[in-house]
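# Notes for the structure review
Spelled out from the first residue to the last, the chains are:
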Amino acid sequence: MKTKAVRLYGENDLRLDEFELPPMKDDEILAKVFSDSICMSSHKLASQGAKHKRVRHDLSKTQPIIGHEFCGTIEQVGAKWKDKYKAGNKFAIQTALNYPDENGEATLWAPGYSYEYIGGSAAYVIIPKEVMEMNCLLDYNGENYYMGSLSEPVSCIVGAFHAQYHTKAGSYVHSMGIAQGGSMALLAGVGPMGLGAIDYAIHNPRKPSLLVVTDIDDSRLSRAAQLLTAKDAEKNGVKLIYVNTKNLADPVDHLKSINGGKLYDDVFVFAPLKPVLEMGDRLLGRDGCLNFFAGPVNPAFSAEFNFYNVHYESHHIVGTSGGNTDDMKESLEMMAKGELNPGFMITHIGGLNTAPETTINLDKIPGGKKLIYTHKKLDLTAIDDFTEKGKNDPFYAKLAEICARHQGLWNTEAEKYLLDNAPEI
């Protein structure tokens, strides 16, 4: 059968192609992709082309399909997997396969980077045996597709929380996870991933008693405070406080005062900026754990860190780049139960026709997540612009009306309307 997909040809050379998929093998699965959330990692892939570590082919001969935050339905199951997977079921994919090579070493190959016939920016894909063998084809029982696409970025947040660790004096045992009932600071924490971290911190079983979220932009902080309220946090046993640190003479002293003059158990840094990272270091209390969540583009990025406190105050630092399969399963389960709502991450909606340009220019487009519906032909449009665009287009007027009933957020009702009424590509 034919598919349409965005493929990588070289540095900043992405093309929307239509081509024939090969016949599905007995150890493969044919699937229909509905949604793909564009990740900054795909932007990096586009900018680096063949230099990217996950690209394994000669791009002049073989072009991989891009996109790795996708959700869809299983269309046809190869004989080998008949007892495990069923046609019609929704799925998400953990793309960090870590598939072993002939020497047993984990490879970097991943859907959305390394495969000719699978990636998120596609209408139909063939899921290779490696995905199933590594148990990375995951059931998703939600009523929409966009949350399935967001399960990958949410799993990065879940993994970061699980990667935190603390110790007790005289013991070498690392107690994994954030400090239960402790104090937590999320620095530069109201971007898309920061919002997800606030949501998870409030609603997962292991939570802080105090959660302080900082930024330097009042409008972003105001939006975060409206979406993730102090009242809801309080219902879940968390005291949530938003702080603009831009004009504070001593941000560290101010944040300490919020915590009764004490430093913090867990600090997350959501911007790869030297001053923010160094402020995070200064906020750590005894046995404090700093998570450098933000991925810098500059491979030489560095900052000062107080190693006196590493030695005498048991400070430690961790960094995570993605979540594992268990993290993604947890994300999918919590979203399906309504315990997490990552819809606030999404700020733009588009069709597959916009995926190449959007991926290449992602760093220049303001806002949060850009969600692509892969069977549709639509301009990339900010949700905030639906009303204006709806003055001349009843399709966008209806989307604006639906989103207005859901705090201005993308939602299941809007997705269903789009899938039923948007033009096919």
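The notes below deal with the structure included here.

Conventions used here
Residues numbered from 1 in each chain as written. Predicted model: local features only at pLDDT ≥ 70, side-chain atom pairs only at ≥ 80, totals over all residues. Heavy atoms only, no water. Helix = DSSP H or I, 4+ residues; strand = E, 2+ residues; numbered from the N terminus. Salt bridge = Lys/Arg side-chain N within 4 Å of Asp/Glu carboxyl O. Buried < 20%, exposed > 50% of the residue type's maximum accessible area, 1.4 Å probe, protein only. Axes fitted to C-alpha atoms, helices over the stretch in contact; angles between N-to-C directions. Parallel < 35°, antiparallel > 145°, perpendicular 65-115°, else oblique. Left-handed = near helix turned anticlockwise from the far one by under 90°. Contact = heavy atoms within 4.5 Å. Pairing = 2+ DSSP bridges. Right-handed = clockwise from strand over helix to strand, strands pointing away. Phe/Tyr/Trp six-rings, centres within 6.5 Å; stacked < 30°, edge-to-face > 60°. Lys NZ or Arg CZ within 6 Å of the ring centre and 35° of its normal.

### Comments concerning unusual backbone geometry
- Unlike most non-glycine residues, Ala188 shows phi in positive territory, near 55°.
- By the element assignment, Ala188 lies in the loop between strand E10 (183-187) and helix H4 (192-203).
- The backbone of Asp287 sits at a positive phi, close to 65°, despite the residue not being glycine.
- Tracing the backbone through its elements, the reader meets Asp287 in strand E14 (residues 284-292).

### As for the pattern of salt bridges
- For the structure on display, the rule yields 18 salt bridges.
- Between Glu69 and Lys369 there is a salt bridge, and its shortest N-O distance comes to 2.9 Å. One end of the pair, Glu69, is in the loop between helix H1 (40-48) and strand E4 (70-77); the other, Lys369, is in strand E17 (residues 369-373), with 300 residues separating them in the sequence. A single burial state applies to Glu69 and to Lys369, both of which are buried.

### What about the packing of helix H3 (residues 146-163) against H4?
- For the pair H3 and H4, interaxial distance at closest approach is 10 Å and the crossing angle is 60°. Classified by the angle their axes make, H3 and H4 are oblique. Both H3 and H4 take part in a crossing whose hand is right-handed. Contacts from Pro153, Cys156, Ile157, Val158, Phe161 and His162 in H3 reach Met193, Gly196, Ala197, Tyr200 and Ala201 in H4.

### Re the pairing of strand E13 (residues 264-269)
- The buried count for E13 comes to 5 of 6 residues, which makes it a mostly enclosed element.
- Across 4 bridges, E10 lies against E13 in parallel orientation. Following the sheet pairing, Ala185 is matched in E13 by Val267.
- Bridging between E13 and E14 involves 5 bridges; their strand directions are parallel. Its bridge partner being in E14, Val267 is matched across the sheet by Leu290.
- With respect to chirality, the unit in which E13 leads through helix H8 (residues 274-283) into the neighbouring parallel E14 is right-handed.

### Re the environment of Gly120
- Mapped onto the secondary structure, Gly120 falls in the loop between strand E5 (90-93) and strand E6 (124-127).
- According to the relative accessible area criterion, Gly120 is buried, its value standing at 0%.
- Here the alpha-carbon distance between Gly120 and Gln63, two residues 57 residues apart in the chain, equals 14 Å.
- Discounting residues that sit within four places of it in the chain, Gly120 has contacts with Val33, Asp36, Ile66, Gly67, His68, Phe70 and Thr374.

### Considering the packing of aromatic side chains
- Overall, the coordinates contain 15 aromatic pairs when judged by the stated rule.
- A ring pair is formed by Phe292 and Phe301, whose centres lie 5.7 Å apart and whose planes are at 5°; its orientation type is stacked.
- Plain terms: the ring middles of Tyr373 and Trp410 are 6.1 Å apart, the flat faces sit at 50° to each other, and that makes the pair tilted. Placement of the pair is Tyr373 in strand E17 and Trp410 in the loop between helix H13 (394-404) and helix H14 (412-421), with a sequence separation of 37 residues. Just as Tyr373 is buried, Trp410 falls in that class too.
- Following the ring pairs from residue to residue traces out a cluster consisting of Tyr373, Phe386, Phe395, Tyr396, Trp410 and Tyr417.
- Here the guanidinium or amino end of Arg56 rests over the ring plane of Tyr115, the centre of that ring lying 4.5 Å away.
- Over the ring of Tyr145 we find Lys90, and its NZ or CZ is 5.1 Å from the ring centre.

By themselves, these figures tell us nothing about what the structure is for.
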